[in-house]
Structures are given as C-alpha cells and as structure tokens.
Amino acid sequence: MTHEVQDANATVSSALSSGNMRQRSRQACAPCRQRKRKCDGKFPCSTCTGYGYDCQFLEDSVKSVKRNADSVSSLPLPSTKAARLSEATAKSPGGRSVISSSSHGILEPSKLRYMGRHASVAFPMTVGLDMQAAKPPRLHSFAYNPGVRAEPSCGVSFDLTAFISWDKVQSLMDVYSSTVHPVFGLLDMERLYHRCEEHWHGKAQGLGLEALISGVIALGSLFSGFLSEEEETRVMLHAKDILEDASVSRIPSIDKIAGWILRTIYVRSTSRPHSAWLCSCTTMHLVEAAGLHQPLDAVILTTGGSGRKALEDIAETRDRIAQVAQCLNIIIAYDYGRSVVDLGLTWKRDSRCDAPSSDLTPQLFGLVGAVPLDNNADPVARRDELAVGLENLAKASVEHDFLILVKADLAFCIYRRIRLLESATPQAQLDRVIEIGRSALPSARRLVAQNHPWWNVVCTVFQFICVLVAIDTTESLESIPEAVETLEMIAQRLNTHLANEALHTARHLINASLEKKRKGISILERVSGISAPTDSDRLGGQWLPSDSLLDSFPQTPSIDMDFLLGMDLLL
C-alpha cells in the first residue's frame, strides 16, 4: 500500500464509502425518461447530476419542479461528472434561477483536490460529458508533461516511532496543548491523541499524521526543552522531508495542511523572515489546493451527496485550518512588507461559540481581521483605512500574553504605514500606538519568565523602542526607560545572540537620537550667544535616559551608525 493511500483522509473516506440509496419517484425528468433511468424527481435530479445531463421536466411537471425548487438549496451541487454542468446560470422551467455556478470550482473529496471549472485538467471530462461518452475521462492531469521522466518515489525513510517513545510524545503533546493550542486551536487534540497512540502501537496512520505530530513534538519541545536541540531539530526535519516530498505532497490532506501550519509557527519562532513568509505562503496555496477557502455550497463535488456529507462533518475543522493559516500569512507578510495570499476568506470570529473559555483562537481572528491589507492605492483612502484599523485594533480585547504582543506588533505595522503616508501623524494615533506598546511590556516579561519563547518576546519590545525613538515626543521618550529595562531583562534571561544584538541596536538608536539633539542644542547656543551649560542643565533629565541606565548595558564592538545622524527622526 502506498503512502498516498495510507494518508487518505479517514473521515472523508469512511463517509464516501457509505453512499446513499436512491429513491423511486413518481415524476421523472425528460433525460431520465429518455434513457430509462431512475429519477428522484428533484431538480436537478441525482442521475442528471451524476452523468452531466441537462435536467429538464416536461410542461406537465412544472408544478412538481416548483415544489422541489424550494429545497434545492439543501441539495448537493452537481458532481464533476457534470462539470460541463449547466451554463453560467441554470434555470428551472419556470425561469427561476436555481443554481448559479459561474464561479464554482470543482472539489474531489477523496483526494481533497480543488480546481477551477475552467482548468485544463477538468476539460477532457467536460468534453466527454458533452459527447455523452459511456465512460467520460476521469478528473486527471492527462498529458500535463511529455512523460520522459518517471516521477520520484517517496524518499522518506526516517522511523519516527523508533526515534522517540510514546511516553515522550504524550508529555510533549501535553505541553503543546497548554501553550500553543489555546491560541492556534486548529487540532482536535483528543482525536489526535488516539490516532497517535494507534500509530505508535503498530497501526500506521500515514505520513500525513507523522508530519502533523512532528510539528506538535517540535513545538512542545521548544516550549519545554524536553528534547535536546539536536533531537528537536531532527524531528522537525522529518516533518519538512514529508511535507516537501514530491510523492507525498501530490495529494493535499487536512493532516498535511495542519502540519504546514505548525511548521510555519516553528520556523517563525526559530528562523528568518523570508523562510517564515515562504512557509506561510505555501500553507495558503495548499488551503486553496484543498478547497478549504470555498464554502461547500460554492463547489461542485465529484462524489455527489455522500461526499458533501463527509465534508460537512469536518466543516468546522476546514474553516479553522483555513483561518489560522490566513492569520499566520497576514501576520508574517504584513510585518515583513510582503504580499498576502488573499483567498477572500470570510472571517468567522464568533465560530465555536460553545467552545471552552480556554479556546482563544477567535481572539486571534479578531486581531487579524481588524488589519487593513495593502490593497488600496489611493493614499487618502489608505490613510483612513489605517486609522480605522488602528482604532479597531485598540478596541480588540485579548487575554493571552502572546496575543497581547501580536496586538502590539500589528499596531506597529499600521504605524509604520501611516508614517510613510503622512508627514505629521495625528497625536491621537501616536498616543494609541504608545498605549498599545506599553501594555505589551509586562506580557513580554511574563512569557520570558515562563520560558515560553514565542517569536515576539524580543521582537515586540525591540520594535516598540524603535517606534518610540521615531515618534520622538516627550510622551514617547518617557516610555523608553521601561522598554529598555524590559529588553535588558529579556536579553539577560535568554542570553542569545539575537536578543543581545537587539539590545545593542536599541542602545545605538537611543544614542543616535541623543547625539542629534546635542548637535541641535549646540547650534542654537552658538546663535543665541548663550554660554554652554553643563550636561545636566542642557538635558534637563526629563525625556532622556539617565546615565546610569545607559551605562548599565554591556559595551559592544563599535558599529558605524553615522547614517542615522542624517535621518530626520522628528515627525
């Protein structure tokens, strides 16, 4: 048995195999009468839906059609055998629009494969249906390449179950459940536990499950230090090998997409912005490939009603995974100044209203949903969007320390955009940014004290200092001492190259601002003829960090920061 078969979505597969018995009907449509086939009397009937016939009822059956038309919204949409399907709008004999399918894509539930109706892959089947072929071509990538090279076989050979014991996996799943899962709630942890237990006890669940649980293990280790760094890296490399394997990745699945989400979180927490952005974009493309971005009533299924029932059973999981993936992509791209893979998802911020209070994922949706994406080219309209976005962000209520930092990150993202659009940012907006930034400092300190290395425990505090120096008002400079003290505590606690580098860079920016002000004061003193005062008289001690604060940081190698002196940091 191949890995692809093993990795099929169990929920969908079991539902597809059940099928539904067709019922006899007193009223048959014209195509079923002509071909002497069974008809269920609905519009369109299941036979026409399955074979791609143009379902029509004779004049004497118009009343029957009208009776059934009211329930058509609950019927399964045509299968891809009907992908020739109707014209842009299928109309009932009474002239009423029944199914508008001009924008419908095609979804193959068994392989979780989505494509547009105009895809070349679907065209041979469509033509075969138009020709009324006895066996129309299946949904397949016929002649997609010349075929002069064989496709590579699966290259994954690492034995995860032998590398790490089930007892350790259980412990790491508990860590993941208490740290990552509350804010990125995309997994059914109870079901995942049972599947992993079977997998570790000889009942293989496929490579998709291994990619998923490898992400859980790696993140659990990152937040607990339970594994050595080498062991943690090896497990995450196993997930990477599976997710990027040409053979395994041919067919997307819920497990694989969830595995990509966890890999994105891990890469964002441990690697560079370009790598994190690539992972988040790949995840979004897989969301599209699996059709998770489309509501079920907007796609044409290859398996009819049974396939729809299977997908409806996991509808909440589909929505959650799509929205979490979109959140990550927006957060990473918006911060890095890269494009967002916008699939037009509808934000369901109130989903899982009956979920336990520990489920904070809707709060994440609320934060990201407040962000105005970079789609408006009109500067005036863009400024208004950003102002509204900042206000909505400030009103958003979040409870988790990580989400408080995310809120500050997004506020800084909006501020940087406003700063480029306006020569003088309104004071109310500046006050809002400072207020959000200051509220994030205690959260950063708590997360570091708990040894929870979320990606923004250093980044948010460092960016806040940069924002304060750039705003350069009495109110902003008054917040610098607390921000610097927080960054110093974090750097001392983590003692990593990146944390120390951020601390040193923040000090250089503060010193550059100080030197610029000294030069300005010196020029004014020469012009006015006032004798040069002492440093304490000149600086006043109100808005500049004290010498003891500046001297408390360790000295670093000299860095040429002269380019900062030429920058106008005053707004």
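Shown above is the structure to which this text applies.
Predicted, not measured: the structure shown is a model, and the values here were computed from it. (Residues numbered from 1 in each chain as written. Predicted model: local features only at pLDDT ≥ 70, side-chain atom pairs only at ≥ 80, totals over all residues. Heavy atoms only, no water.)

Undergrad: In this structure, what is going on with the overall build of the protein chain? I would like to understand it.
TA: In terms of regular secondary structure, the protein chain is built from 26 helices and 5 strands. Considering the protein chain as a whole, with its 571 residues, one finds that 50% of them fall into the buried category. Excluding contacts between residues fewer than 6 apart, the proportion of contacts in the protein chain whose partners are at least 24 apart in sequence is 70%. Only carbon and sulfur atoms are counted for the fraction: they give 51% of the accessible area of the protein chain, which is about 28,100 Å². (Helix = DSSP H or I, 4+ residues; strand = E, 2+ residues; numbered from the N terminus. Buried < 20%, exposed > 50% of the residue type's maximum accessible area, 1.4 Å probe, protein only. Contact = heavy atoms within 4.5 Å. Areas by Shrake-Rupley, 256 points an atom, 1.4 Å probe, with all protein chains shown as cover.)

Undergrad: Is there a simple way to think about the nonpolar core in this case?
TA: It is characteristic of soluble globular proteins that their nonpolar side chains tend to be buried jointly. Core analysis: the biggest nonpolar cluster contains 139 residues, and Phe 184, Leu 186, Leu 187, Leu 192 and Ile 213 have the highest contact counts within it. Element by element, the count of residues in this core is highest for helix α18 (residues 401-421), at 13 residues. Contacts of Leu 186, omitting those with residues within four sequence positions, involve Tyr 176, His 181, Ala 258, Ile 261, Leu 262, Ile 321 and Val 324. Ile 106, Ala 122, Met 125 and Leu 129 belong to the second-largest nonpolar core, a separate cluster that totals 8 residues. (Core = buried A, V, L, I, M, F, W, Y, C linked by side-chain atoms within 4.5 Å.)

Undergrad: Looking at this structure, how should I read the side chain of Thr 486?
TA: Structurally, the position occupied by Thr 486 is in helix α22 (residues 480-494). By relative accessible area, Thr 486 is classed as buried at 1%. One polar contact links Thr 486 to Arg 445, side chain to side chain, over a distance of 2.7 Å. Not counting residues within four places of it along the chain, the set of residues in contact with Thr 486 comprises Leu 441, Arg 445 and Val 461. (Polar contact = N/O pair within 3.5 Å; in protein donor to acceptor, adjacent residues only side chain to side chain.)

Undergrad: In this structure, what is going on with the pairing of strand β4 (residues 113-116)? I would like to understand it.
TA: Note on strand geometry: in a regular strand, side chains alternate between the two faces of the sheet. Where strand β3 (residues 105-108) meets β4, 4 bridges bridge the pair, whose relative direction is antiparallel. Each bridged residue has a counterpart across the sheet, and for Gly 105 the counterpart in β4 is Gly 116. Where β3 folds back onto β4 in an antiparallel hairpin, the turn is made up of 4 residues, including Leu 112, whose phi is positive at roughly 50°. (Pairing = 2+ DSSP bridges.)

Undergrad: Just checking my understanding: could you explain the pairing of β3 for this structure?
TA: Side-chain alternation along β3 places Gly 105 and Leu 107 on one buried face and Ile 106 and Glu 108 on a second face that is also buried. Note: β3 against strand β5 (residues 299-301), 3 bridges, orientation parallel. When the bridges of β5 are listed, Ile 106 appears paired with Ile 300.

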